[in-house]
Structure formats: structure tokens, C-alpha cells
Amino acid sequence: SFAKNFGLYGERTGTFSILTNSADEKERVMSQLKLIIRPMYSSPPIHGSSIVKTVLSDEGLTAQYYGECSHMADRIRSMREMLVAKLAEAGSTHDWS
């Protein structure tokens, strides 16, 4: 996905915990939290899509992007082949294909 390849994932990470004294208080807090977070999900940030648009609208940047993706795919393939070879050297008889 473009989000992963462009490093745009993880924009909304983290945790937020609240401890309440009662179920009623929990419901009141949840009601307020939902009011706060709704706009965040209804109107996500656009800077990620702006980055993708900039790169994919420029021939040079697009070529660089696809070249880097190809390089990474080749590296992953090479690392997997090396792993299979090392496993075979270690005596593995499993078919890793």
C-alpha cells in the first residue's frame, strides 16, 4: 500500500486510559471522549495524501519512488534466499519454497 511504502502509517498511534469510579461516570466520560475523537476520524489529516500526490505527480520523483520500492523488494528477496540457504546449511530438510 502507498501508506506503508511511503511510511505514512502510524499517524494515529498511542493509548489513552481513564479509570472511573462507577459505570455512570464511565458513560459520561465516554460520551465526552466520543465528541472529541469523532472529528479526528471524520476529518483525517491530508498531509499524507499531499506527499503521495507530490511524488506521483512528478516524473522524476515517481521514478525514484518505484526504483526504491524495487530495490527494497530485491533486498527482501535476497535476504529470504540467504535465509533458506543458511537453514539448509544448518540441516533443515523443510521445503521453504
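Here, the structure is the one placed above.
Numbers given for residues are sequential positions, taken from 1 along each chain in its written order. Only residues with pLDDT of 70 or above have their local features reported here, since the model is predicted, and side-chain atom pairs are shown and tallied only from 80 upward, although totals for entire chains, interfaces and linings are computed over all residues. To obtain the side-chain values, all non-hydrogen atoms of the structure were included, while hydrogens and water were left out.

J.: Break down the packing of aromatic side chains for me, citing the residues and quoting the values.
T.: Pairing of aromatic rings covers Phe, Tyr and Trp, the last through its six-membered ring, and needs centres within 6.5 Å; plane angles under 30 degrees mean stacked, over 60 mean edge-to-face, and all others mean tilted. Taken as a whole and judged by the stated rule, the model has one aromatic pair. Seen in terms of ring centroids, Tyr65 and Tyr66 are 5.0 Å apart; in terms of plane orientation they differ by 65°. Their pairing is edge-to-face. To sort residues, take the accessible area from a 1.4 Å probe on protein chains only and compare it with the maximum for the residue type: under 20% means buried, over 50% means exposed, and anything in between is partly exposed. The class for Tyr66 is partly exposed, based on a relative accessible area of 45%.

J.: With reference to specific residues and values, describe helix α4 (residues 59-89).
T.: If you check α4, its first and last C-alpha atoms are 45 Å apart, about what 31 residues at 1.5 Å a residue would give, namely 45 Å. Note on conventions: DSSP H or I runs of at least 4 residues are helices, E runs of at least 2 residues are strands, and numbering of each starts at the N terminus. At the exit of α4 stands Gly91, carrying a positive phi of roughly 105°. Between the first and last residue of a helix there are one fewer steps than residues, each counted as 1.5 Å, and that sum is the expected span.

J.: If you had to explain a nonpolar patch on the surface to someone new, which residues and values would you point to?
T.: For patch detection, residues must exceed 30% relative accessible area and be free of salt bridges, and they are connected within 9 Å for like charges or within 5 Å for nonpolar side chains (Val, Leu, Ile, Met, Phe, Trp, Tyr). Using a 1.4 Å probe, the Shrake-Rupley method yields the accessible areas, and only the shown protein chains count as cover for residues. What counts as a salt bridge is simple: a side-chain nitrogen of Lys or Arg found within 4 Å of a carboxyl oxygen of Asp or Glu. A surface patch of nonpolar side chains, amounting to about 420 Å² of accessible area, comprises Ile36, Ile37, Met40 and Tyr41. Here Tyr41 lies in helix α2 (residues 23-42). The class of Tyr41 is exposed, set by a relative accessible area of 56%.

J.: Which residues make up the environment of Tyr66, and what values do they have?
T.: In this structure, Tyr66 sits in helix α4. It is 9.8 Å that separates the C-alpha atoms of Tyr66 and Leu56, two residues lying ten residues apart in sequence.

J.: Provide a residue-level description of the pattern of salt bridges, including the pertinent values.
T.: All told, the structure shown has four salt bridges when counted by the stated rule. The residue Asp24 makes a salt bridge to Arg28 at a minimum N-O spacing of 2.3 Å. With Asp24 and Arg28 both in helix α2 and four residues apart, the pair spans about one turn of that helix. Of the charged contacts, one joins Glu27 and Lys26 as a salt bridge, the two residues approaching to 3.8 Å between their closest N and O atoms. Residue class for Glu27 comes out partly exposed when judged on its relative accessible area of 49%.

J.: Tell me about the packing of helix α3 (residues 47-56) against α4, residues and numbers included.
T.: Structural elements are reduced to axes, namely lines fitted to C-alpha atoms, with helices fitted over the stretch in contact, and the angle between N-to-C directions of any two is expressed from 0 to 180 degrees. It is the contact of α3 with α4, at a shortest axis distance of 6 Å, that shows an interaxial angle of 105°. Classed by the angle they form, the pair α3 and α4 counts as roughly perpendicular. Of α4, the residues touching α3 (which contributes Thr54, Val55 and Leu56) are Leu61, Thr62, Tyr65 and Tyr66. Our angle categories are set so that under 35 degrees counts as roughly parallel, over 145 as roughly antiparallel, 65 to 115 as roughly perpendicular, and the remainder as oblique. The criterion used for residue contact is that any of the two residues' heavy atoms lie within 4.5 Å.

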